[in-house]
Amino acid sequence: MSARLVLSDIGANFAAWESAFRKAAPDVGLVHDQPQRELPGIRYCMTWKPLPGVYDRMPDLTALFVLGAGVERFLADATIPPQVRIVKMAEPGLTQAMEHYVLWQVLNHHRRFWEIEAAQRAARWIDQTYPAPWARKVGVMGLGTLGEAVARRLKSFGFDTSGWSRSAKTIADVTVFSGTDRIDAFLKDLEILVCLLPLTPETQGILNADVFRHLAPGAGLINVGRGAQLNEADLLSALESGQLAAASLDVFAAEPLPAAHPFWRHDRIFITPHLAADVDPESAALAIKRQIDRFEAGQGLEHIADRARGY
Ligand code: NDP
Ligand code: OXD
């Protein structure tokens, strides 16, 4: 079988990918990139952290399958020829991991588990009240592949769920707001805000004091988009004033988060080190095979990042 797809990724476990492709997509023909290896005739590449010079070494590259959903680094990379389609990863393993992570954190904010943990540490038997999930307003910023799945999942767990995106859309039983002029209406009185936006010039710094002011007092914030979307000083002030009760952060402006960063020691900031959702090799292999088959049948690729839009 001839090679059709190159894995070019610093640190990738090629054996795991090879085994996933062998099982899920044996006809794809996966090869491993090596420094300085010339790759003429190969049209497809998958990567998260590409090896140096890979785009120069692939003169026939047509589609770049990014092994993640956030493609801002690739859109900013001037070494990727403009005719190469940059494809965002959309596969069930990644989506379900994100649904689980956000559900975990929404339940954490809904039931304030940090209070129960603190009570256990002090051997204190406490009482706690909380509203029914349908009386808890949860909003999801970004209703793309991940945001829409998360909104549906939260709704299926009973939460009063709304969402916000650039363009209008309909999601059963979820109230959808669209466009900059509807952001205030979306945010109004939300008790838990989830950010699943891509990083673009419009979304940089979007999680700021102005947004927090529109939420219900004592709201919770969950950021799984990108760290640069959060104004860190505004978050600390909002926690201090009680405008926000707590925040769950998976992504940071600087990663790894420096050891001296005040977030590490804040008792109402819950940190996970950018692990909310990862690609599953086997379901990703199936998704990439499906994309290649579609493309070669003249049907076009799905989830192509739009260079002008920035995501
Ligand atoms: P998509 O590109 O599928 O969706 C992006 C969504 O954001 C769309 O609904 C889009 O609106 C909306 N959007 C973009 N810009 C704006 C704006 N200015 N105002 C309002 N809405 C906007 O992305 P995914 O759902 O696949 O992924 C979202 C992000 O999640 C990624 O970009 C990445 O940063 C992050 N991520 C984080 C992970 C982690 O482990 N922490 C793992 C994977 C992803 P419209 O529908 O109108 O286009
Ligand atoms: C992604 C990520 O964008 O892991 O997929 O953050």
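Draft legend 1. Expanded view of the nonpolar core. The biggest cluster of nonpolar side chains holds 45 residues, and the ones touching the most others in it are Phe-21, Met-46 and Phe-65. Looking at this core element by element, the count peaks at 6 residues for helix H3 (residues 92-111). Ignoring any residue separated from it by four or fewer positions in sequence, one finds Met-46 in contact with Leu-5, Val-6, Leu-7, Ser-8, Trp-17, Phe-21, Leu-30, Phe-65, Leu-67 and Ile-288. Counting 28 residues, the second-largest nonpolar core is a separate cluster that includes Phe-177, Ile-206, Leu-207 and Leu-221.

Draft legend 2. Looking closely at helix H8 (residues 232-241). When we look at burial in H8, the residues that qualify are Leu-235, Ala-238 and Leu-239. End-on view of H8: buried residues confined to an arc of 100 degrees, all on one side of the axis. Away from the buried face of H8 by more than 90 degrees, exposed residues Glu-240 and Ser-241 are located. The inward-facing, buried residues of H8 contact helix H7 (209-214), strand E10 (219-223), strand E11 (244-249) and strand E12 (269-271). Within two residues after H8, Gly-242 carries a phi angle of roughly 90 degrees, on the positive side.

Draft legend 3. Region of the structure containing the environment of Ser-178. By the element assignment, Ser-178 lies in strand E8 (residues 175-178). Between the C-alpha atom of Ser-178 and that of Ala-151, which follows or precedes it by 27 residues, the distance is 15 Å. Setting aside residues up to four positions removed in sequence, Ser-178 forms contacts with Trp-164, Ser-165, Arg-166, Ser-167 and Ala-168.

Draft legend 4. Region of interest: the pairing of strand E3 (residues 44-47). Burial along E3 is two-sided: Tyr-44 and Met-46 facing one way and Cys-45 and Thr-47 facing the other are all buried. The sheet contact formed by strand E1 (residues 5-7) and E3 spans 3 bridges and is parallel. Within the sheet, the bridge partner assigned to Val-6 lies in E3 and is Cys-45. Both E3 and strand E4 (residues 63-66) contribute to a ladder of 4 bridges, which runs parallel.

Calculation rules
Residues numbered from 1 in each chain as written. Chains lettered and ligands numbered in written order. Predicted model: local features only at pLDDT ≥ 70, side-chain atom pairs only at ≥ 80, totals over all residues. Heavy atoms only, no water. Core = buried A, V, L, I, M, F, W, Y, C linked by side-chain atoms within 4.5 Å. Buried < 20%, exposed > 50% of the residue type's maximum accessible area, 1.4 Å probe, protein only. Helix = DSSP H or I, 4+ residues; strand = E, 2+ residues; numbered from the N terminus. Contact = heavy atoms within 4.5 Å. Arc of directions from axis to C-beta. Pairing = 2+ DSSP bridges.

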